[in-house]
Amino acid sequence: MSGDRHLRGLVRPYVVTGGRAHASRNTFDAVTVVIATREQVSGLSPEKKRLMELCRGGALSVAEIAAHLSLPISVTKVLLSDLVDSGHIATHAAVSHTARPDMKLLKDVLDGLRARL
Amino acid sequence: MASVLASDGLTSDGLAADGVYLRDTVRTAVKLLVVGPFAVGKTTFVGTLSEIRPLRTEETMTQAGALVDDLAGVDGKSTTTVALDFGRLTLSDELVLYLFGAPGQQRFTRVWKDIAYGALGALVLVDTRRLEQSFEVMGLLEELRIPYAVAVNTFDGAPAFPGDELRDALDLLPGTPLMSCDARDVTSSTQALVTLVEYLLTRNQENA
Ligand SMILES: Nc1nc2c(ncn2[C@@H]2O[C@H](COP(=O)(O)OP(=O)(O)OP(=O)(O)O)[C@@H](O)[C@H]2O)c(=O)[nH]1
Ligand SMILES: [Mg+2]
């Protein structure tokens, strides 16, 4: 909300993200699936190392990574954005937001839910 | 910074043993929202259906509703914390569904928009003892064009209204599903989601 800009001006950079409040690319959704693609973590900040240690175990969504690391989703996205740039992680993009959800996808969701009944 | 990984000495191996990770074959993740006023059963609903221990993330906002991702230096009194509970259901080798329980107050709009963006739809939980408290969240969903179904959470001692009266009182469109649900019960909660997704499919067909 633009009315709060004067408040933002008072805010010191958040240490974890190295001073950037927003991810350099806006490709992460809360349910984007993240996969570690590199073992080597030397040179990464402690927060990024923790994130890589978590992701080493297997695929997780952005929201799950945030929860396990006790970080807000917004901050987690900033870290992830850097780690994509440095080649440490890759993603399976979340379902496209612009397109109407396709019938096949909705049917698959429905079938999956019905199978639980 | 408090952390599961650091404070509990947990490693990714330990988490893997707890079934925390997704199957390697998962390619698509979708989300549905579970929304409604204070204490209507959102957390209960998510917890009933989730295959993982439900998780929680917190976003910090200024009182005026702006998202704060710079935590250092913000006066604690001028901010509020918005908690999002969520859970996960693996629906097939390739498909996973996330359920987000989100608070229904308009002043949390920014957190709302972030999480609602891309959601397939929402389940609105209502309590018949305080129907009017669900209006705000229904308005918000309509504003964001997120299709929804309404589930009356059956609290002990809550008045049971005939469906027509409820539809009128909630001012629902003719096609909007209205059902009752017990958020503590797996079958009842699953059925509520089935009804929601059936509605999403029908709606999609009609708009095609
Ligand atoms: N009888 C009955 N009680 C329920 C049902 N669902 C939830 N409850 C109870 O209602 C209380 C509130 O439920 P929560 O799941 O915490 O509600 P919430 O919407 O997450 O609440 P906030 O996050 O505080 O807004 C708990 O004590 C639940 O056990 C239901 O379907 N029937
Ligand atoms: Mg709750």
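For the structure, see preceding data.
Residues numbered from 1 in each chain as written. Chains lettered and ligands numbered in written order. Predicted model: local features only at pLDDT ≥ 70, side-chain atom pairs only at ≥ 80, totals over all residues. Heavy atoms only, no water.

A. Just the nonpolar core, in detail. Ile65 of chain A together with Leu33, Phe100, Trp112, Val124 and Leu141 of chain B are the most contacted members of the largest nonpolar core, which totals 64 residues. Residues contacting Leu141 of chain B, with those up to four places away along its chain left out, are Leu33, Val35, Trp112, Ala122, Val124, Ile146 and Tyr148 of chain B. Membership of the second largest hydrophobic core comes to 33 residues, among which are Val40, Val46, Ala149 and Leu196 of chain B. (Core = buried A, V, L, I, M, F, W, Y, C linked by side-chain atoms within 4.5 Å. Buried < 20%, exposed > 50% of the residue type's maximum accessible area, 1.4 Å probe, protein only. Contact = heavy atoms within 4.5 Å.)

B. Geometry of the packing of aromatic side chains. Residues and elements named next belong to chain B. Here the structure, examined in full by the defined rule, presents one aromatic pair over all chains. Both rings, one in Phe86 and one in Phe100, keep their centres 5.1 Å apart while their planes meet at 25°; by these two values the pair is stacked. One end of the pair, Phe86, is in strand E4 (residues 79-90); the other, Phe100, is in strand E5 (residues 95-103), with 14 residues separating them in the sequence. Looking at Phe86, the relative accessible area reads 0%, which means it is buried. (Phe/Tyr/Trp six-rings, centres within 6.5 Å; stacked < 30°, edge-to-face > 60°. Helix = DSSP H or I, 4+ residues; strand = E, 2+ residues; numbered from the N terminus.)

C. Just the packing of helix H3 (residues 42-49) of chain B against helix H7 (residues 186-207) of chain B, in detail. All names here are of chain B. Relative to each other, H3 and H7 sit at 100°, their axes nearing to 9 Å. Our classification of the angle between H3 and H7 gives roughly perpendicular. Side by side, H3 and H7 meet where Phe45, Thr48 and Leu49 of the first sit next to Val186, Ser189, Thr190, Ala192 and Leu193 of the second. Looking at the contact of H3 with H7, its residues break down into five nonpolar, three polar and no charged. (Axes fitted to C-alpha atoms, helices over the stretch in contact; angles between N-to-C directions. Parallel < 35°, antiparallel > 145°, perpendicular 65-115°, else oblique. Nonpolar A, V, L, I, M, F, W, Y, C, P; charged D, E, K, R; others polar.)

D. A look at the sheet that holds strand E1 (residues 33-36) of chain A. Residue and element names in this part refer to chain A. The antiparallel open sheet is built from three strands, whose spatial order is E2-E1-E3. Of all the strands in the sheet, the pair left with one neighbour each is strand E2 (60-61) and strand E3 (89-92). Summarising the sheet, E1 and E3 pair through four bridges and their orientation is antiparallel. Bridge assignment links Val33 to a residue of E3, and that residue is His92. Across the sheet, helix H2 (residues 46-56) touches E1, E2 and E3, and the angle it forms with E1 is around 95°. (Pairing = 2+ DSSP bridges.)

Geometric descriptors of this kind do not, in isolation, establish any biological role.
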